[in-house]
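Here is what each chain is made of, one letter per residue.
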Amino acid sequence: MLSLRRLHPFIACLLICRATVYDFEKLGGKPDDDSSQTAWANGGLVNKTLQAILQPGDTLFFPNKTFTLMGGVQAEGLRDVTIQIDGTLEFKDDIDSWPTQDGKVLNCMVFKNVMNMTFTSSGKGTIDGKGERWWGIPGIGYLIQGKNRPNLFEIDTGKDVLIENLLFKQSPCLTVWAHNMDGLEIRWTDIDARRTDADSHTIIDLTAFNTDGFDVAGKNVWIHDCNVWNQDDCVCVKGNSENMLFERINASGLGLVIGSISGSTVNNITFRDCYMHHTFKGIYTKFRAGEKPGLISNVLFENIVIDAPEQWGIWIGPAQQSDSNDLCAAHPCSLCWPMLPFSKCDMPVSGSYENITLRNISILNPGKSPGVLLGNSKNPMRNVLFDNVKVLNPKKKPWRHDYYKCVGVNGVATGGTWPVPECFKDMNEVDPESLIG
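Calculation criteria
Residues numbered from 1 in each chain as written. Predicted model: local features only at pLDDT ≥ 70, side-chain atom pairs only at ≥ 80, totals over all residues. Heavy atoms only, no water. Helix = DSSP H or I, 4+ residues; strand = E, 2+ residues; numbered from the N terminus. Buried < 20%, exposed > 50% of the residue type's maximum accessible area, 1.4 Å probe, protein only. Contact = heavy atoms within 4.5 Å. Areas by Shrake-Rupley, 256 points an atom, 1.4 Å probe, with all protein chains shown as cover. Lys, Arg positive; Asp, Glu negative; His and termini not counted. Charge placed at Lys NZ, Arg CZ, Asp CG, Glu CD. Disulfide = S-S within 2.5 Å. Salt bridge = Lys/Arg side-chain N within 4 Å of Asp/Glu carboxyl O. Polar contact = N/O pair within 3.5 Å; in protein donor to acceptor, adjacent residues only side chain to side chain. Patch = residues over 30% accessible without salt bridge, like charges linked within 9 Å, V, L, I, M, F, W, Y side chains within 5 Å. Expected span 1.5 Å × (residues − 1).

So, on to the overall build of the protein chain. For the protein chain, the helix and strand inventory stands at five helices and 28 strands. Projected onto its principal axes, the C-alpha coordinates of the protein chain cover approximately 65 × 55 × 40 Å. Looking at the protein chain as a whole, 57% of its 437 residues are labelled buried. Once local pairs closer than 6 in sequence are excluded, the contacts in the protein chain between residues at least 24 apart make up 71%. For the protein chain, the accessible surface area stands at approximately 18,000 Å², while carbon and sulfur atoms represent 51% of it. Between the centroid of the 41 positive side chains of the protein chain and the centroid of its 50 negative side chains there is a distance of 3 Å.

If you walk through the whole model with that rule in mind, you get three disulfides. Disulfide pairing places Cys406 opposite Cys423 at an S-S distance of 1.8 Å. Around the S-S axis, the bridge from Cys406 to Cys423 shows a dihedral of about -50° and counts as left-handed. Of this pair, Cys406 sits in strand 26 (residues 404-407) while Cys423 is found in the loop between strand 27 (409-414) and strand 28 (424-426), placing the two residues 17 residues apart along the sequence. Assessed through its relative accessible area of 10%, Cys406 is described here as buried. For Cys423, a relative accessible area of 25% corresponds to the partly exposed category. Sequence-ordered numbering of the disulfide-bonded cysteines in the protein chain gives the connectivity 1-3, 2-4, 5-6. Free cysteine: Cys108, not disulfide-bonded; nearest cysteine sulfur from Cys173 at 10 Å. No disulfide involves Cys274; its sulfur sits 10 Å from that of Cys226, the nearest cysteine.

The omega angle of the peptide bond from His331 to Pro332 is 0°, so this bond is cis rather than trans. Within the secondary structure, Pro332 sits in the loop between strand 22 (314-318) and strand 23 (351-364). The backbone of Asp225 sits at a positive phi, close to 55°, despite the residue not being glycine. Assignment of secondary structure puts Asp225 in strand 15 (residues 214-229). Accessibility expressed as a relative area gives 26% for Asp225, which makes it partly exposed. Its identity as a non-glycine residue notwithstanding, Tyr403 has a phi of 70°, on the positive side. Residue Tyr403 is classed as buried on the basis of its relative accessible area, which comes to 14%.

Let's shift gears to the side chain of Lys281. Residue placement: Lys281 occurs in the loop between strand 19 (265-277) and strand 20 (283-287). Within the buried core, Lys281 has no salt-bridge partner, and the shortest N-O distance to an opposite charge, that of Asp233, equals 7.6 Å.

Mapped onto the elements of the fold, Lys92 is located in the loop between strand 6 (88-91) and strand 7 (100-101). Here Lys92 occupies a buried position and makes no salt bridge, while the nearest side chain of opposite charge, Asp34, is found at 4.9 Å. Engagement of the side chain of Lys92 in a polar contact is seen with the backbone oxygen of Asp34, the distance being 2.5 Å.

The next subject is the environment of Asn116. Note on placement: Asn116 falls in strand 9 (residues 109-120). For Asn116, a relative accessible area of 9% puts it in the buried group. Counting along the chain gives 291 residues from Asn116 to Val407, while the straight-line C-alpha distance between them is 46 Å. A polar contact is formed between the side chain of Asn116 and the side chain of Asp80, at a distance of 2.5 Å.

A cluster of nonpolar residues, Ile137, Ile140, Leu143 and Ile144, forms a patch on the protein surface that exposes about 420 Å² of accessible area. Looking at the element boundaries, Leu143 is found in helix 5 (residues 141-145). For Leu143, a relative accessible area of 46% translates into the label partly exposed.

With that settled, consider helix 3 (residues 36-53). Along its 18 residues, helix 3 runs 25 Å from first to last C-alpha, staying within 8% of the 26 Å computed at 1.5 Å per residue. Of all the positions in helix 3, only Thr38, Ala39, Asn42, Gly43, Leu45, Val46, Asn47, Thr49 and Leu50 are classed as buried.

Structure below.
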């Protein structure tokens, strides 16, 4: 991470000497008032401060109180600035009054083209999206609102950004979406999005659609020592990404994810030392349909415990999703597959997997068969290695004694892997180091 210590001493001194801490309450921000009038006023003041007042070296400080804001907080071009949230930023859940542009709701907070920026707290600051109203009635709300819901926190193009000591909760849609990044560290930061207090992902909770946790795209990203409980992808690497490390993360939702991608490349990604308690999916990599070739390569999942996954412990293949109001539509793999007869699940021929390693993976008491490994017979996955991938008490439904649905994969199992996917070569007696080129 870039810091003042790495700047030229003279420049660093200038920034430190002129740095100003702006207390949001002293600027006129009104705490502990959730009226619409205050939400609009507080939101406007945040925008004014970000866009017209803050200079390099400055800090915008929110004291340990609750400030209600209206969405549409936006800032561009900030450099060497700190946002310190010691209290709570709570967004007004007034859908009818929410600001829009060209028929689309504005996101809660968007920061564009920023450099050497820090979002922090002296304790645990909270950004609360009040997503329950946006999710609507379970099973019905999505049909009404669709994806026209605000993301909670977005960075569009950033370099050397630090996010720490924050809680992002109840996002209406994506929680943290950081794209076109070069240098991003997120640490000691938690995400929580749920409808109930259940220690599982109930059919009610899962209707909080699209509440992704950390979605990232770019390069040189490090996310560590975080907790995520949500109802969609927990940590997700999007297209055109490389050189990313995710470690020591407790995650429960739709998994540790790469994708979905189409027509782009993801390379050199590592997930390690993670624990997944009662997650819905575990390891999940996915391609969506598209004509342009895409590639996911040089990926390592290592030292991961997937504890009682409710669905698949491992899924490597197409995206299991619907992009329409028909939840069973196959785009390209139906959410209803394989439970409903005639539902479809096809791996796009344009999607390529290469050099995918799972090492020291424990799947404990899965709710279904261990997983799905679904390549395309015309473009099979290349060099997939399962090294000490073990399943405790695998269920036989739906794949019975095969345990995995395994098609179109050139794979090798070693290091005591059990059960061995049917389309893998069983080399459990071979030193796995000898298989690494």
